[in-house]
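Each chain, written out:
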Amino acid sequence: MKPKLSILVPIYNVEKYLSQCLESITAQTLQDIEIICINDGSTDGSLDIIKDFAKNDNRIVIIDKPNSGYGDSMNQGLEKATGEYIGIVESDDWIELDAFERLYQIARKNKADVVKANYYKVRNSVDVEKVAEIPTREVMYPAEDRKVFLFAPAIWSAIYRRNFLRENGIKFLPTPGASYQDLSFSFKVWALARTVVLVSEAFVHYRVDNANSSVNNPGKVNCVVDEYAEIETFLCERGIFEKFGEIMDTAKFRNYHWNFQRLDKKLAKEFYQTWRQEFLSAEEEGILKKENFSKKDWMALKAILHHPKLAYLILRARIALKQHLY
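Bear in mind that the values here come from a model prediction, so they are computed numbers and not experimental data.

Novice: Lay out the overall build of the chain in plain terms, naming residues and giving numbers.
Specialist: Along its length, the chain carries 11 helices and 10 strands. The globule rule puts the C-alpha radius of gyration for 326 residues at 20 Å, and the 20 Å found for the chain is close to it. Seen through its C-alpha atoms, the chain measures out along the principal axes to roughly 60 × 40 × 35 Å. Taken over 326 residues, the chain has a buried fraction of 53%. For the chain, the share of sequence-separated contacts (at least 6 apart) that also reach a separation of at least 24 residues comes to 80%. Approximately 15500 Å² of the chain is accessible, and the part contributed by carbon and sulfur atoms is 50%. The positive charge centre, built from 45 side chains, and the negative charge centre, built from 46, are 4 Å apart in the chain.

Dropping the structure here:
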């Protein structure tokens, strides 16, 4: 019999945090689960930790492979999974003990493709902020109510009906060495999901101060660009680009802005040219619409397109001020 839930745990050199992560999963109140640990060629003691947990818990499945990147790890996990639903826990995070039981009950009750919750940001192992993008519980259809497209792509704060993912060919971009592959995965999910339940409770404790996290790697400058190229290809192949192209550009602007903010001066200048050129092309195609952007984002976008030097200086000055205040 297939388990109620398959939990994917992508792992690469996280021995410092891995035991806490796996303890929170193996102690879940929902016992009918499989735990798929994908070791992506770790060079520290991560694999030994996984094996130690597996000795005492036959629900743990180990995929041990050479390093091939996050996207390929997740795709192998999706292929291996047999559960009715799929959850994801990043190996440097941890999750509330009743999280998957509650999410699964909500999913079954509503016959949902996806159940999405809030989460906590963690610094120095202490919750510092509840990310509250979801104010109340509701059932919605993303094609008509598109606010979920602008949520942070926190794919690990949700569970997904496995057959929904498989039937629609929803996978990760498997480019070796890439990052931010949650961007295209989450957009594909929202574009094709028919029943989504949003839950205001927070269950995942998301660590934001792991120095090895890809969000702290300025070298991965254009991975965000690759993700949006993947989204566009996915939408075009399914004949739904006209339906979702506008909201894609709204989300893209926000994520390009985020990427720009994390880069050093030299890399930021290079990326800024890519950012501007892509949106100049979108403007020429007539798919940039004021009503799809917040007032602040629209003003920033118009400045980048038509006053690029001044806009660049203002954006960099804001980053410097923010860093000084922080």
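Novice: An account of the packing of helix α6 (residues 182-192) against helix α8 (residues 241-262) is requested, with residue identities and associated values reported.
Specialist: Between α6 and α8, whose axes approach to 12 Å, the crossing angle comes to 150°. One way to sum up the angle between α6 and α8 is to call them roughly antiparallel. Crossing hand, α6 versus α8: right-handed. Across from L183, F187 and A191 in α6, the residues of α8 making contact are F244, I247, M248 and N255. The residue inventory of the contact of α6 with α8, partitioned by class, reads 6 nonpolar, 1 polar and no charged.

Novice: Any details on helix α7 (residues 223-237)? Residues and values, ideally.
Specialist: Across its 15 residues, α7 extends 21 Å between first and last C-alpha, which sits within 8% of the 21 Å expected from 1.5 Å per residue. Of the residues making up α7, those classed as buried are C223, V224, V225, E227, Y228, I231, F234 and L235. Summarising the contacts, the buried residues of α7 are in contact with α6, α8 and α9 (265-285). Looking one or two places after α7, you find G239, whose phi comes out positive at around 70°.

Novice: Which residues make up the packing of aromatic side chains, and what values go with them?
Specialist: Evaluation of the coordinates by the stated rule reveals 23 aromatic pairs. Taken together, a centroid distance of 4.2 Å and an interplanar angle of 5° make the contact between F172 and F185 stacked. With F172 in the loop between α5 (162-167) and α6 and F185 in helix α6, this pair connects stretches of sequence that are 13 residues apart. The pair F172 / F185 is uniform in exposure class, with both members buried. Considering the side-chain rings of Y256 and F279, the 6.2 Å spacing of their centres and the 80° angle between planes classify their relative orientation as edge-to-face. Taken together, the residues span a long stretch of sequence, with Y256 in helix α8 and F279 in helix α9 at a distance of 23 residues. A cation over a ring is seen here: K252 above F279, with NZ or CZ 5.7 Å from the ring centre. Positioned over the ring face of F260 is R316, at 5.5 Å from the centre of the ring.

Cut-offs used in this document
- Residues numbered from 1 in each chain as written.
- Predicted model: local features only at pLDDT ≥ 70, side-chain atom pairs only at ≥ 80, totals over all residues.
- Heavy atoms only, no water.
- Helix = DSSP H or I, 4+ residues; strand = E, 2+ residues; numbered from the N terminus.
- Rg over C-alpha atoms; globule rule 2.2 N^0.38 Å.
- Buried < 20%, exposed > 50% of the residue type's maximum accessible area, 1.4 Å probe, protein only.
- Contact = heavy atoms within 4.5 Å.
- Areas by Shrake-Rupley, 256 points an atom, 1.4 Å probe, with all protein chains shown as cover.
- Lys, Arg positive; Asp, Glu negative; His and termini not counted.
- Charge placed at Lys NZ, Arg CZ, Asp CG, Glu CD.
- Axes fitted to C-alpha atoms, helices over the stretch in contact; angles between N-to-C directions.
- Parallel < 35°, antiparallel > 145°, perpendicular 65-115°, else oblique.
- Left-handed = near helix turned anticlockwise from the far one by under 90°.
- Nonpolar A, V, L, I, M, F, W, Y, C, P; charged D, E, K, R; others polar.
- Expected span 1.5 Å × (residues − 1).
- Phe/Tyr/Trp six-rings, centres within 6.5 Å; stacked < 30°, edge-to-face > 60°.
- Lys NZ or Arg CZ within 6 Å of the ring centre and 35° of its normal.

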